[in-house]
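A look at the structure
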Amino acid sequence: MKRADKTSENAAAADPAAPRRRWPRRLAIALAAIAVVMVLAVAAFLVYAGDYYHDVDTDHENLVSTTQLPVHRGASYVAFGDPTSKTGLVFYPGAKVEYTAYAPLMRDLAERGYLAVCVEMPFNFAFFNVSAADEVHAAYPQVSSWWVGGHSLGGSMAAQYAADHADDGALAGLVLLGAYTASDLSATDLGVLVVYGSEDRVLNRDKLADSEALMPKGALTVEMPGGSHAGFGAYGPQSGDGTASIDPAEQQEQTADAVDAYIARRNPSSLAEAA
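Conventions and cut-offs
Residues numbered from 1 in each chain as written. Predicted model: local features only at pLDDT ≥ 70, side-chain atom pairs only at ≥ 80, totals over all residues. Heavy atoms only, no water. Phe/Tyr/Trp six-rings, centres within 6.5 Å; stacked < 30°, edge-to-face > 60°. Helix = DSSP H or I, 4+ residues; strand = E, 2+ residues; numbered from the N terminus. Buried < 20%, exposed > 50% of the residue type's maximum accessible area, 1.4 Å probe, protein only. Pairing = 2+ DSSP bridges. Axes fitted to C-alpha atoms, helices over the stretch in contact; angles between N-to-C directions. Contact = heavy atoms within 4.5 Å. Core = buried A, V, L, I, M, F, W, Y, C linked by side-chain atoms within 4.5 Å. Arc of directions from axis to C-beta. Salt bridge = Lys/Arg side-chain N within 4 Å of Asp/Glu carboxyl O. Expected span 1.5 Å × (residues − 1). Parallel < 35°, antiparallel > 145°, perpendicular 65-115°, else oblique. Left-handed = near helix turned anticlockwise from the far one by under 90°. Nonpolar A, V, L, I, M, F, W, Y, C, P; charged D, E, K, R; others polar.

Some thoughts on the packing of aromatic side chains
On inspection of all chains with the given rule, the structure shows nine aromatic pairs. Between Tyr-53 and Tyr-235, the aromatic rings sit 5.4 Å apart at their centres with planes inclined by 55°, giving tilted as the arrangement. Of this pair, Tyr-53 sits in the loop between helix H2 (22–50) and strand E1 (71–73) while Tyr-235 sits in the loop between strand E8 (220–224) and helix H7 (248–266), placing them 182 residues apart in sequence. On the basis of relative accessible area, Tyr-53 is assigned to the partly exposed category, the value being 22%. Taking the centre distance of 5.2 Å and the plane angle of 20° together, the rings of Phe-125 and Phe-127 count as stacked. With a relative accessible area of 42%, Phe-127 lands in the partly exposed category. Among the aromatic residues, ring-to-ring pairing joins Tyr-53, Phe-91, Tyr-102 and Tyr-235 into one connected group.

Laid out in structure tokens, this is it:
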């Protein structure tokens, strides 16, 4: 019996790694399982992101440049209006919304003297490129006063950008459409305009109310009678939204009126210089 035990001990001493031979196989199985889960997660996200709201202007007539209203397409944005305008707005689209769906609103603002730029986001989610406004600013250095804005999730990401760049002298303010800020802007000098529709059933009203404490002095919130969540863009009805009593064109015109009036009040000379 002792001889058998001694033989076993000698075998173990001769191959100390023998008890551990199972681990490489177990590790390989674990890594393969993790890889499968990751592939499935990525595939699920791509399917989810691929089901997005499309621009109803399928022929993209709103992207056509004219003598009165030039349109320039960059690598990941479309700019509407005079590139020498003194005041510009960079706009972040809502989640799962094709960015060109905001072309009607951008054109309306451009007709009022602004350089209005709508940014294309990776997978149509603004949180994948919060700093998108930097590319636009670099492309149009002659614009002296910039505003950043967005719709829904795009607005929240624009607010984050504004908070991160509050000390940038060229950044004048923030425009939130059907959106609220989760970033603290209360200590900044930025102008902040919030516009939402009375029939918006997508916007979280509790979080909108809570965000008032994060707003800087002079911030303005406007409820648009009859407006919906989707009415800021031209992409059709949105799941979970209310029923608007005004059409999208009217909502976009009223929005442009509110943005124009607020920016002019904050900086009366900005558009006068561009005229």
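Description of the sheet that holds strand E3 (residues 87–92)
Taken together, eight strands build an open sheet; the order of strands is E1-E2-E4-E3-E5-E6-E7-E8 and the sheet is mixed. Both outer strands of the open sheet, E1 and E8, are each paired with one neighbouring strand and no more. Here the strands of the sheet are splayed against their neighbours by 15° on average, with no regard to which way each runs. On the sheet, H7 packs against E3, strand E5 (145–151), strand E6 (171–177), strand E7 (191–197) and E8 and is oriented at approximately 165° with respect to E7.

Focus on the pairing of E5
Counting buried positions along E5 yields seven of seven residues, so the element is predominantly enclosed. The alternating pattern of E5 places Ser-145, Trp-147, Gly-149 and His-151 on one face and Trp-146, Val-148 and Gly-150 on the opposite face, and all of these are buried. Taken together, the six bridges between E3 and E5 define a ladder with parallel strand orientation. Residue pairing for E5: Gly-88 is matched across the bridge by Trp-146.

Structural notes on the nonpolar core
Grouped together as the largest cluster of nonpolar side chains are 35 residues, with contacts concentrated most on Tyr-92, Val-119, Val-136, Tyr-140, Val-148 and Leu-174. Contributions of two or more residues to this core are made by strand E2 (77–80), E3, strand E4 (115–119), helix H4 (132–139), E5, helix H5 (153–164), E6 and E7. Considering each element in turn, this core owes the most residues, five residues, to H5. Excluding residues that lie within four positions of it along the chain, Tyr-140 makes contacts with His-72, Tyr-77, Ala-79, Pro-83, Leu-115 and Trp-146.

Considering H4
Within H4 the residues assigned to the buried category are Ala-132, Ala-133, Val-136 and His-137. Taken around the axis of H4, the buried residues stretch over an arc of 135°, which confines them to a single face. In the core, the buried residues of H4 are packed alongside E2, E3, E4, E5 and H5.

Let's talk about the pattern of salt bridges
Side chains bearing opposite charge may pair, as long as their charged atoms lie close to each other. In total, this model carries four salt bridges according to the counting rule given. Of the charged contacts, one joins Asp-108 and Arg-112 as a salt bridge, the two residues approaching to 2.8 Å between their closest N and O atoms. Note that Glu-199 and Arg-201 form a salt bridge whose closest N and O atoms lie 3.4 Å from each other. Of the residues examined, Glu-199 reaches a relative accessible area of 23% and is grouped as partly exposed. Within the structure, one salt-bridge network assembled from shared partners comprises Asp-108, Arg-112, Asp-257 and Asp-260.

Quick look at H5
Between the first and last C-alpha of H5 there are 17 Å, a value that for twelve residues agrees with the 16 Å anticipated at 1.5 Å per step. Where H5 is concerned, the buried positions are Gly-154, Gly-155, Ser-156, Met-157, Ala-158, Ala-159, Tyr-161 and Ala-162. As for H5, its buried residues are in contact with E3, H4, E5 and E6.

Here we look at the packing of helix H3 (residues 103–111) against H7
In contact at an axis separation of 9 Å, H3 and H7 are set at 40° when each is read in the N-to-C sense. In terms of their interaxial angle, H3 and H7 are classed as oblique. Of the two possible hands of crossing, H3 and H7 adopt the one that is right-handed. For the pair H3 and H7, contact is made by Pro-104, Leu-105, Asp-108 and Leu-109 and by Gln-252, Glu-253, Thr-255, Ala-256 and Val-259, respectively. Split by residue class, the contact of H3 with H7 holds five nonpolar, two polar and two charged.

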